[in-house]
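Chain by chain, the residues run as shown.
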Protein chains: 2
Amino acid sequence: MLAVRLSEGQVQVEQTRRPRRPKGHALIRVTLAGICNTDLELLRGYYGFAGRPGHEFVGVVEEADSPAWLGRRVVGEINLACGNCPTCAQGLGRHCPTRSVLGIVRHPGAFAEYLTLPEENLLPVPSALPDDEAVFCEPVAAACEIHEQLGKLQGQRVAVLGDGKLGLLIAQVLQVGGAQVHLFGRHPEKIAIAERLGVQPAATGLFDVTVDATGSAAGLSQAVSMTRPRGRVVMKSTVAERVQLDMAPVIVNEISLIGSRCGRFAPALRLLASRKIDVRSMIADRYPLSAAPQAFARAAERGCLKVLLEPLLEY
Amino acid sequence: MLAVRLSEGQVQVEQTRRPRRPKGHALIRVTLAGICNTDLELLRGYYGFAGRPGHEFVGVVEEADSPAWLGRRVVGEINLACGNCPTCAQGLGRHCPTRSVLGIVRHPGAFAEYLTLPEENLLPVPSALPDDEAVFCEPVAAACEIHEQLGKLQGQRVAVLGDGKLGLLIAQVLQVGGAQVHLFGRHPEKIAIAERLGVQPAATGLFDVTVDATGSAAGLSQAVSMTRPRGRVVMKSTVAERVQLDMAPVIVNEISLIGSRCGRFAPALRLLASRKIDVRSMIADRYPLSAAPQAFARAAERGCLKVLLEPLLEY
């Protein structure tokens, strides 16, 4: 099968063996995959990564232990937890210390014609939800994670810093969840996507909650300066460099800085199926898997939104 | 009256006018005051401070609008809030943006024979609680603030980093509150004070909550590395320098970093009156007000616990 390999800063496309399905895993034919900023950072050597990336996908189950999965269109949770440790026992498999992670840590990713995942990680995609939207399930789950960690933000004044892919999704998810969201970014055409849902442009004053989705080391300091005493700053930027931060305002104003990563797929899939958020407008481009180097280059362009990889697309 | 003045890194004792009491304020004769690490940092120029420090005190009301206060032995909340802004309306006068702070921001402090404070800031000291213990109300309130922010920590595994004055109080307060506290420090004789209350020594493994009371920029990184996924790190160190921190583990493990400052006096006074914590063993030395330079030098010695200033003590 065709598969993408990242190594020493290069995107390669190679012919390789179809993965063998371990017991309990399903073999999934990938129909659509999305390039995430994390993939771009893996390419730059974040996590010392070399291997097959890709953790946003939709696919069809071709082999599984349970026949009920055969032929089902699915998305899949990306963390492969041990299931036996105290962290897993608390329902926090996403934090299992020995977990592997699809396309990120010790488990070959979705930028290939096939992948395997444990059947327990799979969720069937509702038939009314097209691949083009279901493929956003992972980043939408990352946005929904803010609700899981912070609870309802009904009526709260929220700033989202960064109008990249994740910032746009977060702004939409929190607005639909009842918050009064202001989106801070540099691209009016991107902010316009969220404004159609009632998200407001940048504004002054202090915020109850500020989400740093800038992807830059400077974003956190800015977020702290915009947050009211006892307010919360959600850190969604995975920045490889060390962050320099003046902690005095954090302590004096008793602000909480909350690290936030990936989330549960079920609420994200429900939200996508409700069609209350607009992910389709976020698709910037699509490439066949064989053109992965071009797709990565396109995704890395300043201001580019979601780039999709389609194994079956002709180039 | 005699009063202490910090200016350009020097501790001076000067004769000055007794403060005039504004309407709504009480005039309080200071009977005992404590030197806090913040005072040592003010001396080093933290906040660009020059003036009269001191925010830990016990005193007797000599003048007040309400005759009920006259002759009462009191402690007092250190934040002077406007009472009219949205922050004050939320009951967060300690975060009022235009507040002054006794001995820290635009309000002359307690290292003097007299101070003034709004009557609404005062709390009567129970007669059974001696000055030597009541003088700890402000730092005990800062420790109790962790309960106000994080809720009950019953049964949770808590690490307190730093066996200085604040670390020792935090370890005691959280242990008495039902947590399983481990105290990490370099001074066995200080840790012994907390161990008499059931606090345990340093241990391995991850903690539900880690409190950084090291007063050092390195403490925060260490605290993050000791905290379980989705755990909480309480930042109690006011470090003047900027902190360099690798945010990747904070985000990947979804840890919350919670700034924490001073707290409400009422629960602290109740806890002191209950005699469940041991503050008396934390008194390292006492000096008359006239010997404030020596008292500051003593307080700045490595490993020194609480140094008290007594206006009426003969030298």
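Residues numbered from 1 in each chain as written. Chains lettered and ligands numbered in written order. Predicted model: local features only at pLDDT ≥ 70, side-chain atom pairs only at ≥ 80, totals over all residues. Heavy atoms only, no water.

Some details on the sheet that holds strand 7 (residues 100-102) of chain B
Residue and element names in this part refer to chain B.
Okay, so step 1: With mixed pairing, the 3 strands of this open sheet are ordered in space as 6-7-8. Both edges of this open sheet fall to strand 6 (79-80) and strand 8 (106-107), since each of them pairs with a single strand only.
Okay, so step 2: Note: strand 7 against strand 8, 2 bridges, orientation parallel. Looking across to strand 8, one finds that Leu102 is bridged to His107. (Pairing = 2+ DSSP bridges. Helix = DSSP H or I, 4+ residues; strand = E, 2+ residues; numbered from the N terminus.)

Some thoughts on the packing of helix 4 (residues 137-150) of chain A against helix 9 (residues 265-274) of chain A
Residue and element names in this part refer to chain A.
Okay, so step 1: Viewed as axis vectors pointing N to C, helix 4 and helix 9 meet at an angle of 110°, and their least axial separation amounts to 8 Å. Classified by the angle between their axes, helix 4 and helix 9 sit roughly perpendicular to one another. Note on element contacts: helix 9 touches helix 4 through Phe265, Ala268, Leu269, Leu271 and Leu272, opposite Cys137, Glu138, Val140, Ala141 and Cys144.
Okay, so step 2: Tallied by class, the residues present in the contact of helix 4 with helix 9 amount to 9 nonpolar, no polar and 1 charged. (Axes fitted to C-alpha atoms, helices over the stretch in contact; angles between N-to-C directions. Parallel < 35°, antiparallel > 145°, perpendicular 65-115°, else oblique. Contact = heavy atoms within 4.5 Å. Nonpolar A, V, L, I, M, F, W, Y, C, P; charged D, E, K, R; others polar.)

Re the relation of the copies chain A and chain B
Okay, so step 1: Screw-axis analysis of chain A against chain B gives a translation of 0.0 Å along the axis, an RMSD of 0.0 Å, and a rotation angle of 180°. Look at the turn and shift together and you get a two-fold axis relating the two.
Okay, so step 2: Mapped onto chain B, 100% of the interface residues of chain A again fall at the interface, so both copies present the same surface. (Least-squares fit on C-alpha atoms with pLDDT ≥ 70 in both.)

Looking at helix 9 (residues 265-274) of chain B
All names here are of chain B.
Okay, so step 1: Among the residues making up helix 9, those that are buried are Phe265, Ala268, Leu269, Leu271 and Leu272. Within helix 9, the buried residues cover an arc of 160° as seen down the axis, which keeps them to one side.
Okay, so step 2: Looking at the buried positions of helix 9, the neighbouring elements they touch are strand 5 (73-76), strand 10 (122-124), helix 3 (131-134), helix 4 (137-150) and helix 5 (165-176).
Okay, so step 3: Arg275 sits one or two positions beyond helix 9 and adopts a positive phi of about 60°. (Buried < 20%, exposed > 50% of the residue type's maximum accessible area, 1.4 Å probe, protein only. Arc of directions from axis to C-beta.)

Focus on the packing of helix 4 of chain B against helix 5 of chain B
Pairs of packed helices are described in terms of their axes, by the angle between the two and the distance that separates them.
All names here are of chain B.
Okay, so step 1: Where helix 4 contacts helix 5, the two axes come as close as 9 Å, and the packing angle between them is 50°. In terms of orientation, helix 4 and helix 5 fall into the oblique class. The interaxial crossing formed by helix 4 with helix 5 has right-handed handedness. Side by side, helix 4 and helix 5 meet where Pro139, Val140, Ala142, Ala143, Cys144, Ile146 and His147 of the first sit next to Leu166, Leu169, Ile170, Val173 and Leu174 of the second.
Okay, so step 2: Across the contact of helix 4 with helix 5, the residue classes break down as 11 nonpolar, 1 polar and no charged. (Left-handed = near helix turned anticlockwise from the far one by under 90°.)

Here we look at the state of the cysteines
Residue and element names in this part refer to chain A.
Okay, so step 1: Using the criterion set out here, one finds 0 disulfides over all chains in the structure.
Okay, so step 2: Residue Cys85 stays outside any disulfide, its sulfur separated by 3.7 Å from that of Cys88, the closest cysteine.
Okay, so step 3: Judged by its relative accessible area of 15%, Cys85 is buried.
Okay, so step 4: Here Cys137 is not cross-linked by a disulfide; its sulfur's nearest cysteine counterpart is in Cys144, at 8.4 Å.
Okay, so step 5: For Cys137, a relative accessible area of 1% corresponds to the buried category. (Disulfide = S-S within 2.5 Å.)

Quick word on the pairing of strand 1 (residues 2-7) of chain B
All names here are of chain B.
Okay, so step 1: Burial analysis of strand 1 places 5 of its 6 residues in the buried class, which makes it a mostly covered element.
Okay, so step 2: In this structure, strand 1 lies alongside strand 2 (residues 10-15), joined through 6 bridges in antiparallel fashion. Pairing of Ala3 across the sheet is with Glu14, part of strand 2.
Okay, so step 3: In this antiparallel pair of consecutive strands, strand 1 and strand 2, the connection spans 2 residues, and Glu8 shows a positive phi of 50°.

Let's talk about the sheet that holds strand 15 (residues 227-235) of chain B
Okay, so step 1: In spatial order, the strands read 13(A)-12(A)-11(A)-14(A)-15(A)-17(A)-17(B)-15(B)-14(B)-11(B)-12(B)-13(B); together these 12 strands make up an open sheet with mixed pairing. The sheet is open, and its two borders are formed by strand 13 (200-201) of chain A together with strand 13 (200-201) of chain B, each paired with just one other strand.
Okay, so step 2: In the sheet, strand 11 (residues 157-161) of chain A pairs with strand 14 (residues 207-212) of chain A via 4 bridges, with the strands oriented parallel. Directly across from Leu161(A), in strand 14 of chain A, lies its bridge partner Asp212(A).
Okay, so step 3: Packing of helix 5 of chain B onto the sheet brings it into contact with strand 11 (157-161), strand 12 (180-184) and strand 14 (207-212) of chain B, and relative to strand 12 of chain B it is tilted by some 165°.

Section: the domain arrangement of chain A
Residue and element names in this part refer to chain A.
Okay, so step 1: Split into domains, chain A comes out as domain 1 (2-136 + 279-310) and domain 2 (143-259).
Okay, so step 2: In this structure, domain 1 and domain 2 have C-alpha centres spaced 27 Å apart.
Okay, so step 3: The partner domain 2 presents 16 residues to the 15 residues of domain 1 that form the contact.
Okay, so step 4: It is Tyr46, Met282 and Leu305 in domain 1 that bury the most area against domain 2; as a group they hold 38% of the surface buried on that side.
Okay, so step 5: Summed over the shared surface of domain 1 and domain 2, the result is 2 salt bridges.
Okay, so step 6: A salt bridge links Glu148 to Arg94; the nearest nitrogen and oxygen atoms lie 3.2 Å apart.
Okay, so step 7: Our count for the contact surface shared by domain 1 and domain 2 stands at 5 residue pairs in polar contact (both at pLDDT 80 or more).
Okay, so step 8: In the side of domain 1 that touches domain 2, the residues fall into 8 nonpolar, 3 polar and 4 charged. (Domains from an automatic or database assignment. Buried area = accessible area lost by both parts, 1.4 Å probe. Salt bridge = Lys/Arg side-chain N within 4 Å of Asp/Glu carboxyl O. Polar contact = N/O pair within 3.5 Å; in protein donor to acceptor, adjacent residues only side chain to side chain.)

Re helix 4 of chain B
Residue and element names in this part refer to chain B.
Okay, so step 1: Given a rise of 1.5 Å per residue, 14 residues ought to cover 20 Å, and the 20 Å separating the end C-alpha atoms of helix 4 matches this to within 8%.
Okay, so step 2: If you look at helix 4, its biggest bend is around 30°, right at Ala143.
Okay, so step 3: Counting buried positions along helix 4 gives 11 out of 14 residues, so the element sits mostly inside the fold.
Okay, so step 4: Among the residues making up helix 4, those that are buried are Cys137, Glu138, Pro139, Val140, Ala141, Ala142, Ala143, Cys144, Glu145, Ile146 and Leu150.
Okay, so step 5: Downstream of helix 4 by one or two residues, Gly151 has phi in the positive range, about 80°. (Expected span 1.5 Å × (residues − 1). Bend = angle between axes of the 7 residues up to and from the residue.)

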